[in-house]
Number of protein chains: 4
Amino acid sequence: MKAERALQHIHEECGVFGVFAKERAALAPLAYYGLYSLQHRGQESAGIVICDDGVFTAAKGPGLISEVFSVDHLHELGEGNIAVGHVRYATTGSDRAQNAQPLLINHSKGRMALAHNGNLTNSAELRNILEENGSIFHTTTDSEVIAYIIVQERLRCGSTEEAVVRAMGRLEGAYSLVIASPSKLIAARDPFGFRPLCMGQRMDGSIVFASESCSLDAVGAKFIRDIEPGEVVTVSAEGVSSNRSFCGKQQKQLCVFEFIYFSRPDSVIDGENVSLARQRAGAFLAQEHPVDADVVVGVPDSGLDAALGYANASGIPYAIGFTKNKYIGRTFIAPTQGERESGVDIKLNPITPVISGKRVVLIDDSIVRGTTCRRTIRLLRQAGAAEIHMRVSAPPFIAPCYYGTDIDSAEGLIANHHSVEEIARIIGVDSLGYLSIEHARQMAGKAGSVCTACFSGSYPTGVPNAAAKDRFEKRIHES
Amino acid sequence: MKAERALQHIHEECGVFGVFAKERAALAPLAYYGLYSLQHRGQESAGIVICDDGVFTAAKGPGLISEVFSVDHLHELGEGNIAVGHVRYATTGSDRAQNAQPLLINHSKGRMALAHNGNLTNSAELRNILEENGSIFHTTTDSEVIAYIIVQERLRCGSTEEAVVRAMGRLEGAYSLVIASPSKLIAARDPFGFRPLCMGQRMDGSIVFASESCSLDAVGAKFIRDIEPGEVVTVSAEGVSSNRSFCGKQQKQLCVFEFIYFSRPDSVIDGENVSLARQRAGAFLAQEHPVDADVVVGVPDSGLDAALGYANASGIPYAIGFTKNKYIGRTFIAPTQGERESGVDIKLNPITPVISGKRVVLIDDSIVRGTTCRRTIRLLRQAGAAEIHMRVSAPPFIAPCYYGTDIDSAEGLIANHHSVEEIARIIGVDSLGYLSIEHARQMAGKAGSVCTACFSGSYPTGVPNAAAKDRFEKRIHES
Amino acid sequence: MKAERALQHIHEECGVFGVFAKERAALAPLAYYGLYSLQHRGQESAGIVICDDGVFTAAKGPGLISEVFSVDHLHELGEGNIAVGHVRYATTGSDRAQNAQPLLINHSKGRMALAHNGNLTNSAELRNILEENGSIFHTTTDSEVIAYIIVQERLRCGSTEEAVVRAMGRLEGAYSLVIASPSKLIAARDPFGFRPLCMGQRMDGSIVFASESCSLDAVGAKFIRDIEPGEVVTVSAEGVSSNRSFCGKQQKQLCVFEFIYFSRPDSVIDGENVSLARQRAGAFLAQEHPVDADVVVGVPDSGLDAALGYANASGIPYAIGFTKNKYIGRTFIAPTQGERESGVDIKLNPITPVISGKRVVLIDDSIVRGTTCRRTIRLLRQAGAAEIHMRVSAPPFIAPCYYGTDIDSAEGLIANHHSVEEIARIIGVDSLGYLSIEHARQMAGKAGSVCTACFSGSYPTGVPNAAAKDRFEKRIHES
Amino acid sequence: MKAERALQHIHEECGVFGVFAKERAALAPLAYYGLYSLQHRGQESAGIVICDDGVFTAAKGPGLISEVFSVDHLHELGEGNIAVGHVRYATTGSDRAQNAQPLLINHSKGRMALAHNGNLTNSAELRNILEENGSIFHTTTDSEVIAYIIVQERLRCGSTEEAVVRAMGRLEGAYSLVIASPSKLIAARDPFGFRPLCMGQRMDGSIVFASESCSLDAVGAKFIRDIEPGEVVTVSAEGVSSNRSFCGKQQKQLCVFEFIYFSRPDSVIDGENVSLARQRAGAFLAQEHPVDADVVVGVPDSGLDAALGYANASGIPYAIGFTKNKYIGRTFIAPTQGERESGVDIKLNPITPVISGKRVVLIDDSIVRGTTCRRTIRLLRQAGAAEIHMRVSAPPFIAPCYYGTDIDSAEGLIANHHSVEEIARIIGVDSLGYLSIEHARQMAGKAGSVCTACFSGSYPTGVPNAAAKDRFEKRIHES
């Protein structure tokens, strides 16, 4: 199921949120709105944990935030001074409920709620060691491994935040964490800074952490700063403190797909606005792959900014070329193959007079398997496009990602098996141009250096041992 | 509830859909997809009736199409050769289920399924006469009145289509109808043509009727033509026939709000594309209310086309200024007043670097009560807009509509109590300009003459007798 | 679906409830509890209508009362001074929602809510006449016919109660009605009194009508009296009045199955307690069909009283022989045929030491198709019963019922095709004895004369014209 | 919430089920039916785990079995050769989902599914040690402690069954376990045998374990034998083997409440049928507390067998005195205090002619707080009972239970604060008699020695350290 889905579009795995209030208050609605603005980062489960003077209450489940939480649920979560929230893009089926986060665990020194965005690369090795010491695991997530390591370190030191710092010496890979102890809220970001994490403050003094700044905006918090790669920020009644032991140990490797596709256009990540980054990518595309055309059209919603950037840079007029049906959600009954062949297509519809007889520059953010793309192009042809010149605001996607997206295998990626010319022919365009890796790096602007491993296959860290990983997913032992 | 809601935005009341297949087939999925593309016309109830060689099966209920219909429901509707569908924007509460359409009724000559978009202006009078003859009514809709009148006429003539024509002599106001008799599918449009209705054909020869052409596109049907004002089109095993007895009796009065807001940008209505009409309105606004500014921004989604039109006409750059949270649906728990005041706002978020320090031309399609508008403008101010010049792609809305929208009272309409200057001050903009009525008429382009009664207060028909209407809504009689 | 189901057990079609309060109050909970005690009379839809000084509010839907009504629904129904409620055993599928009662209709003189238990025998004829005059029908129920006739009469006279009396001159068959007009609550029972209907009073003076006295008990109302066959009782602010124009026109024909199976053991119907009547039937059986045995066991729940009666009359010890799984409800997933054959059976389980090695007298209230019965007997054999002597507390069921049960065809009834000896062999018992019709009549005790048409095939009224009825259920007309 | 509930009636905490099939098959329906027959042992969550050649799939959630499992869920669980199931009576609220069983855990040697009925008495101590070694806990159940201990032992030995045996040396208190390893199904019962556990076989050779024999009956399995106190039974492809290392180490202490109330009447537990045991208790009561009366009536459902026993022993006629509303389930909206005072009462209704003017012996299985009892007696008085002599088929309940019921505190127990005479006065009866402890022991018949600690306060094991336990439930630590 997962593999199938992955090939339609690359997906982010998670979003995290946390708030520490000066006064006891109904924080669940705040977490609800904060998560609502991170919903695009994960639509398969959602959860909120409230900590009220050390007493933790959790509500989580499979589905969208709107499906998981009713007014009653928010009310039942009650008041507190710390909240942690999570949205997850996860495997389907019966494990979905089990794997929902935040994890709420009991350990020797108390309780802890943990929300994680990213993927460890040494998860299997750590898990192996833990299990050999008698540990049991309820989930198949690496987040549970992180929780264990932190708890182990907690036994050896005097505070949860110190335990988090110590744990960072053992964890490898991508992790942006928001953690609640009975009296503190802790945010931590891996030394590479693969996934974003920022901090803001509300007028009442509450400190808010979130994967993206749009979530701060949603809850009326003013952006303060991004958490640095390798940093651990702790908020308690005593105020905000920071541990930078792991800062600067690695060159930052923020995932470039946060700009290309994952993050919301209104978010500012590591100093760079996503919408501007996308417009910049569009401008680079115009420079790399100019074409004589009548109109520039973006595939909604993620191709619109880049299309505008291309239009402005090229001087070719920008147009709104599609209407997207905004009611398609989880319960939509997708057309069968037969229905599709008889012409049923309701997701996107081209605006015929905008397209008809025109030479169209079509901008999208990626081509994964090519299927969706081919369908979109067929619609433009039916609407009478004279020429279609596709421009992709990312380089060809050829290698698996180990840092928290769902493309964990290179199989099925069209760019892995075909040249650009072949892809152009397969999807049916007159010309096709991808963004260069160099420009992909530059699109991040002020955000600085980015991870482009999925375009190059060269990884900033060691990669997971496939055999070890497999062991935990399909274990069939004699006992 | 209704009044409250009405003041946030004007709403269309309904969408209709019908299909007549040459061969018996599973038509429910087709109706499902057809309605899915009309969902924007009504989100409060939905229904499909299938007619299989004279046996009618109905499924309908409150909610969105995706909520009303499961795979099982579509399956249970079975095969047939005629389908009729409806989406409704209706009153809330316990009556929602009762009033869902299509109406499926039994009468002396058989059964009939009826889907109606629009509002009669002589509904109360007709109902009065019917009741005095012993008729009983299960719903509070004027659609039930239409059904009665058609059935009465059916007793006096030889076919349902003839009965529809005869009924048109007694019905006043707005109605686009799709009706299934045991062996025929009939589409009818009132002589003023207040509401749109078009016809298409699928490759397998099926004839499709729909409120908007986007619905034809969704089911793979090629647009044939619009139903003319006053026309009755009948499809049967013998083919398609038309009765034009009432055509040309009135000057067409297509509701201009179909272009301004109701219809989808990809639809073509009475020969005019909605997106182009909106761009044209934007261009007229640039001409009527020019301003020196840095950027033109539309309020998503309905303000985008007009914004592009304004930008192109004025030469001021077009920008994407907002991110809209696309996960907000029926189950979203809206922030309380207190939460809003503490800064919680998740629907729209401005893209700060696009706005900050800029003189912004802001385009929206209407100002009803002014509240939503004021909030949007406050967001732009917070994002650092230097100046805000609001341009509205419709004239001031001052008079109730009796033809199928939910503004049935002029109370609460801000333009009814305040001058343009006052409104500008209330909502907090540096300048404000509305489209003139003359340009509103011209925006419809090839669609010809339009109804602009809600801007002028001068109606093409008699208006409902308020007292008579009231009688049916709040009757408290002694018996 | 219906036919299939009918053959498992005969089903009552409906229960009705009404309350008239002296003061405005939250009557919905009262109706809820009143209907909860009538749930055994109909489990497929439920509804409540509240009338508040002439303003009617309805809530109804498919399913059990507990499924249809939430706390919110009861709250939304608000306060009022009249409530009418209904539970229905009805056809399945998409019509279930449509046919739910009380019917809430609008007519020339106001609104009316109507709840009906029973079946007309001249429904098709009346409907025919109505339709020929242009009436339209939304449901397929004869209750809608009753509503029409009452409304027609209402136009010709001065009050709803008078209209009900006049309508009774035109209605034939079984009907116990509870009707709310804007200011009155009216209860009416057909001249044969086929279905029960009683009246009680709460301490606060409210008058309550209900199908069975157990419903009065549930809402704290003291039983006053049964409504007489042919009587119309009206409650208004002026007090309680009665019209007996149709009383005594016919000999009472209370359905004997109300005692055998439909009604609750704690109800008193027309002066006779149901539990005592069943015990009496058991005693008659002991007299008619004595046997030498060790233990008397009833099939729970409806066979228990008769088993006790048999035990007491025969001197053979009474035993509790089965445990019934009380969690089996609407969402229970029934075992497949294959699972059943492999021994899966969870509804009833015999208590082995009570049965093993014993000669068992097994008492049940009816044998419809014989299938369920055969399974029960197989269970007893497996539990080691030495002999099984089945005694049925009703005569053989051979003819359809037209007065409000779901056995509307004699097909499939085992007693219609087989002799008692053959049935004994088919179901696998050592002996089988049915109650005689004479004793069935006597079991009703103080309730007086009863209808036993389903045992004799001789009906107290004319029977419905099958052809006419068919016309309304499967009409396929040309138009 | 829990305390409140406990005082209405004592509740069993869980039921367990397991099946090992010779051939791969769809075992989920079998587990579903097996659990359905154990539903009375726990109504707050349910779960099934299927093991298919080492691959485990779980489905569990809060609610009744019928609420947790749909046809789709059963289908998704797929085929396998081992199934484990659980029903749970647990704490309410947001933890319900988290604590649902079977626990499905990953450990060094593979995966394990565990279902547990009972309560450890040294859970807090074990958990303390585990946590101090870095273990983390996801639930607040002692079942997770058991899982940890087994996994720890598994690392030190060669098989899961051996690990279970070794773990038994460390676990104290009550536990009946059903455990699936990738290739085996293991059943274990604590050395005291507090909770029942039995084994059966289906015709196809499958081995079934269940808390009660009624569950074997439900799935067509023949009862083979009870698991002995202290025994570990292992089923694998090689067949069935048993480890009796802990058998006979302790005198059996089967919970006598299994006979008094928890188990189903049709179950046979440790050789004794529950229905017979209850009848025996009734006979003892007749002997201990004779009275001159007209009729013996049991409170349904659990008082019926004892009432029959009392009647048979005393010669006073048995009668069915109440009708119980069988539609009251989880979604029933309970009457408010005010409604109750105005006479609303729908759960039980006396059958008036059975009670009126009679001297009634009323049999119930326990009096916890006295409230429910007082209401039942008031109903009998209203129905005209001349005298009421209450007999309770259990001794006075005065001490908390630590072995798997929900009475973990003696507070609120009426017998703890009042003499029998005082209780009689409080609940309003003419006389009151409890079963003696000696007779409670004898009621278990062939089942042998039973635990009666809740009647005597003398416990067969050490009791939990309240302070230690508290620590895990309300931990508020500094970190």
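Attention in this report is confined to the structure presented alongside it. All values reported here derive from a predicted model rather than from experimental measurement. (Residues numbered from 1 in each chain as written. Chains lettered and ligands numbered in written order. Predicted model: local features only at pLDDT ≥ 70, side-chain atom pairs only at ≥ 80, totals over all residues. Heavy atoms only, no water.)

### Details of the overall build of chain A
Turning to step 1, where the next piece is worked out: What chain A contains, in helices and strands, is 19 helices and 24 strands.
Turning to step 2, where the next piece is worked out: The C-alpha radius of gyration of chain A comes to 23 Å, within 12% of the 23 Å expected for a compact globule of 479 residues.
Turning to step 3, where the next piece is worked out: Counting only C-alpha atoms and orienting by the principal axes, one finds that chain A spans roughly 70 × 55 × 45 Å.
Turning to step 4, where the next piece is worked out: A burial count over chain A gives 64% of its 479 residues as buried.
Turning to step 5, where the next piece is worked out: For chain A, the share of sequence-separated contacts (at least 6 apart) that also reach a separation of at least 24 residues comes to 69%.
Turning to step 6, where the next piece is worked out: If you sum the accessible surface of chain A, you get close to 15,700 Å²; carbon and sulfur atoms cover 50% of it.
Turning to step 7, where the next piece is worked out: Counting 47 positive and 54 negative side-chain charges, chain A places the averaged centre of each group 1 Å from the other. (Helix = DSSP H or I, 4+ residues; strand = E, 2+ residues; numbered from the N terminus. Rg over C-alpha atoms; globule rule 2.2 N^0.38 Å. Buried < 20%, exposed > 50% of the residue type's maximum accessible area, 1.4 Å probe, protein only. Contact = heavy atoms within 4.5 Å. Areas by Shrake-Rupley, 256 points an atom, 1.4 Å probe, with all protein chains shown as cover. Lys, Arg positive; Asp, Glu negative; His and termini not counted. Charge placed at Lys NZ, Arg CZ, Asp CG, Glu CD.)

### Digging into the interface of chain B and chain A
Turning to step 1, where the next piece is worked out: Across the contact, 58 residues belong to chain B and 58 residues belong to chain A.
Turning to step 2, where the next piece is worked out: In this assembly, chain B packs against chain A so that about 4,400 Å² is buried in total across both faces, 59% of it on carbon and sulfur atoms.
Turning to step 3, where the next piece is worked out: Summed over the three residues of chain B that lose the most area to chain A, namely Tyr-33, Tyr-327 and Ile-333 of chain B, the buried surface amounts to 17% of that side.
Turning to step 4, where the next piece is worked out: Taken together, the connections running from chain B to chain A amount to 2 salt bridges.
Turning to step 5, where the next piece is worked out: Here Lys-326 of chain A makes a salt bridge to Asp-301 of chain B, at a shortest N to O gap of 3.8 Å. (Buried area = accessible area lost by both parts, 1.4 Å probe. Salt bridge = Lys/Arg side-chain N within 4 Å of Asp/Glu carboxyl O.)

### Regarding the pattern of salt bridges
Turning to step 1, where the next piece is worked out: Counted according to the given criterion, the structure contains 94 salt bridges over all chains.
Turning to step 2, where the next piece is worked out: For Asp-52 of chain B, the salt bridge identified is with Arg-24 of chain B, shortest N-O distance 2.8 Å. Placement of Asp-52 of chain B in strand S2 (residues 45–52) and of Arg-24 of chain B in strand S1 (residues 14–25) is noted, with a sequence separation of 28 residues between them.
Turning to step 3, where the next piece is worked out: A salt bridge links Arg-195 of chain C to Glu-258 of chain C; the shortest N-O distance between them is 2.8 Å. With a gap of 63 residues between them, Arg-195 of chain C in the loop between strand S8 (185–189) and strand S9 (198–202) and Glu-258 of chain C in helix H10 (residues 257–262) connect regions that are remote in the sequence.
Turning to step 4, where the next piece is worked out: Among the charged side chains, a network of salt bridges with common partners joins Arg-41, Arg-195, Glu-212 and Glu-258 of chain A.

### A closer look at the interface of chain A and chain D
Turning to step 1, where the next piece is worked out: With 47 residues of chain A at the interface, the matching set in chain D holds 47 residues.
Turning to step 2, where the next piece is worked out: One can count 0 salt bridges joining chain A with chain D.
Turning to step 3, where the next piece is worked out: For the pair chain A and chain D, the number of links is 9 residue pairs in polar contact (both at pLDDT 80 or more).
Turning to step 4, where the next piece is worked out: Residue assignment for the side of chain A that touches chain D shows that the elements contributing at least two residues are strand S3 (55–62), strand S5 (103–107), strand S6 (110–117), helix H6 (123–132), helix H7 (142–156) and helix H8 (160–168) of chain A.
Turning to step 5, where the next piece is worked out: At 6 residues, the largest contribution of residues to the side of chain A that touches chain D is made by H7 of chain A.
Turning to step 6, where the next piece is worked out: Across the side of chain A that touches chain D, the residue classes tally to 13 nonpolar, 20 polar and 14 charged. (Polar contact = N/O pair within 3.5 Å; in protein donor to acceptor, adjacent residues only side chain to side chain. Nonpolar A, V, L, I, M, F, W, Y, C, P; charged D, E, K, R; others polar.)

### As for the relation of the copies chain B and chain A
Turning to step 1, where the next piece is worked out: Superposing chain B onto chain A requires a rotation of 180° together with a translation of 0.0 Å along the rotation axis, leaving an RMSD of 0.1 Å. Such a combination of turn and shift is consistent with a two-fold rotation axis. The rotation axis passes nearest to the C-alpha of Lys-326 of chain B in chain B, at a distance of 3.8 Å.
Turning to step 2, where the next piece is worked out: When the interface residues of chain B are mapped onto chain A, 100% of them are again interface residues, pointing to one common binding face. (Least-squares fit on C-alpha atoms with pLDDT ≥ 70 in both.)

### Some points on the relation of the copies chain A and chain D
Turning to step 1, where the next piece is worked out: Once chain A is rotated about the relating axis by 180° and shifted along it by 0.0 Å, it coincides with chain D to within an RMSD of 0.0 Å.
Turning to step 2, where the next piece is worked out: Of the residues that chain A buries at the interface, 100% are likewise interface residues in chain D, meaning the two copies contact each other through the same surface.

### A short note on helix H15 (residues 371–382) of chain C
Residue and element names in this part refer to chain C.
Turning to step 1, where the next piece is worked out: An ideal rise of 1.5 Å per residue puts 16 Å on 12 residues; H15 measures up with 17 Å between its terminal C-alpha atoms.
Turning to step 2, where the next piece is worked out: Restricting attention to buried positions, one finds in H15 the residues Cys-373, Thr-376, Ile-377, Leu-379 and Leu-380. Taken end-on, H15 shows its buried residues confined to a sector of 150°, consistent with a single buried face.
Turning to step 3, where the next piece is worked out: In this structure, the buried side of H15 is in contact with strand S19 (322–324), strand S20 (348–350), helix H14 (352–355), strand S21 (359–364), strand S22 (387–392) and helix H16 (420–427).
Turning to step 4, where the next piece is worked out: Of the residues flanking the end of H15, it is Gly-384, one or two places downstream, whose phi is positive at about 95°. (Expected span 1.5 Å × (residues − 1). Arc of directions from axis to C-beta.)

### Remarks on the packing of aromatic side chains
Turning to step 1, where the next piece is worked out: Within this structure, the stated rule accounts for 66 aromatic pairs over all chains.
Turning to step 2, where the next piece is worked out: Look at Tyr-32 of chain B and Tyr-33 of chain B: their rings are 5.2 Å apart centre to centre, the planes differ by 85°, and that puts the pair in the edge-to-face class.
Turning to step 3, where the next piece is worked out: A relative accessible area of 1% means that Tyr-33 of chain B is categorised as buried.
Turning to step 4, where the next piece is worked out: Look at Phe-194 of chain C and Tyr-403 of chain C: their rings are 4.0 Å apart centre to centre, the planes differ by 10°, and that puts the pair in the stacked class. One end of the pair, Phe-194 of chain C, is in the loop between S8 and S9; the other, Tyr-403 of chain C, is in the loop between S22 and H16, with 209 residues separating them in the sequence. Tyr-403 of chain C matches Phe-194 of chain C in its accessibility class, with the two residues each being buried.
Turning to step 5, where the next piece is worked out: By the ring-pair criterion, three or more aromatic residues cluster together here, those being Tyr-32, Tyr-33, Tyr-36 and Phe-69 of chain A together with Phe-332 of chain B. (Phe/Tyr/Trp six-rings, centres within 6.5 Å; stacked < 30°, edge-to-face > 60°.)

### Observations regarding the sheet that holds strand S3 (residues 55–62) of chain C
Residues and elements named next belong to chain C.
Turning to step 1, where the next piece is worked out: Spatially, S3-S2-S4-S1-S10-S9-S11 is the arrangement adopted by the 7 strands of the open sheet, whose pairing is antiparallel. Two strands lie at the open edges of the sheet, namely S3 and strand S11 (221–226), each paired on one side alone. In this sheet, adjacent strand axes meet at a mean angle of 15° when their direction is disregarded.
Turning to step 2, where the next piece is worked out: Pairing geometry for strand S2 (residues 45–52) and strand S4 (residues 80–88), over 7 bridges, is antiparallel. Its bridge partner being in S4, Ile-48 is matched across the sheet by Gly-85.
Turning to step 3, where the next piece is worked out: Most of the contacts of helix H2 (residues 28–36) go to S2, to which it runs at about 150°, and overall it touches strand S1 (14–25), S2, S4 and S9. (Pairing = 2+ DSSP bridges. Axes fitted to C-alpha atoms, helices over the stretch in contact; angles between N-to-C directions.)

### Points about the packing of helix H6 (residues 123–132) of chain D against helix H7 (residues 142–156) of chain D
Residue and element names in this part refer to chain D.
Turning to step 1, where the next piece is worked out: For the pair H6 and H7, interaxial distance at closest approach is 10 Å and the crossing angle is 55°. Classed by the angle they form, the pair H6 and H7 counts as oblique. The two elements H6 and H7 meet at a crossing, and its hand is left-handed. Residues Ser-123, Leu-126, Arg-127 and Leu-130 of H6 form the contact with H7, whose participating residues are Asp-142, Val-145, Tyr-148, Ile-149 and Gln-152.
Turning to step 2, where the next piece is worked out: Partitioned by chemical class, the residues of the contact of H6 with H7 number 5 nonpolar, 2 polar and 2 charged. (Parallel < 35°, antiparallel > 145°, perpendicular 65-115°, else oblique. Left-handed = near helix turned anticlockwise from the far one by under 90°.)

### Topic: the environment of Ala-283 of chain C
Residues and elements named next belong to chain C.
Turning to step 1, where the next piece is worked out: Among the structural elements, Ala-283 can be located in helix H11 (residues 274–288).
Turning to step 2, where the next piece is worked out: Considering only alpha carbons, one finds Ala-283 and Ser-431, 148 residues apart in sequence, at a separation of 17 Å.
Turning to step 3, where the next piece is worked out: Those residues within four positions of Ala-283 in sequence are excluded, and the remaining contacts are Gly-309, Tyr-310 and Ala-313.

### Let's talk about unusual backbone geometry
Turning to step 1, where the next piece is worked out: Residue Asp-301 of chain B is reached from Pro-300 of chain B by a cis peptide bond, and omega for that bond is -5°.
Turning to step 2, where the next piece is worked out: Summarising the element assignment, Asp-301 of chain B is placed in the loop between strand S17 (295–298) and helix H12 (304–314).
Turning to step 3, where the next piece is worked out: A cis amide bond, omega 0°, links Gln-101 of chain C with the succeeding residue Pro-102 of chain C.
Turning to step 4, where the next piece is worked out: Relative to the assigned elements, Pro-102 of chain C resides in the loop between helix H5 (95–99) and strand S5 (103–107).
Turning to step 5, where the next piece is worked out: Despite not being glycine, Asp-270 of chain B has its phi angle at roughly 50°, a positive value.
Turning to step 6, where the next piece is worked out: Tracing the backbone through its elements, the reader meets Asp-270 of chain B in the loop between strand S15 (268–269) and strand S16 (272–273).
Turning to step 7, where the next piece is worked out: Asp-270 of chain B sits in the buried class, given a relative accessible area of 9%.

### Remarks on the side chain of Glu-272 of chain D
All names here are of chain D.
Turning to step 1, where the next piece is worked out: Structurally, Glu-272 is set in strand S16 (residues 272–273).
Turning to step 2, where the next piece is worked out: Assessed through its relative accessible area of 2%, Glu-272 is described here as buried.
Turning to step 3, where the next piece is worked out: Sequence-distant contacts of Glu-272, defined by excluding residues within four places in its chain, comprise Phe-259, Ser-267, Ala-277, Arg-280, Met-443, Ala-444, Gly-445, Lys-446 and Ala-447.

### Details of the sheet that holds S6 of chain A
Residue and element names in this part refer to chain A.
Turning to step 1, where the next piece is worked out: Reading across the sheet, the 6 strands line up as S5-S6-S7-S8-S12-S13 and stay open at both edges, with antiparallel pairing between neighbours. Since the sheet does not close on itself, it has two edges, and those belong to S5 and strand S13 (239–243), each with one partner. Direction aside, neighbouring strands of the sheet carry axes that sit 20° apart on average.
Turning to step 2, where the next piece is worked out: Of the strand pairs in this sheet, strand S7 (residues 176–180) and strand S8 (residues 185–189) are connected by 5 bridges, and their pairing is antiparallel.

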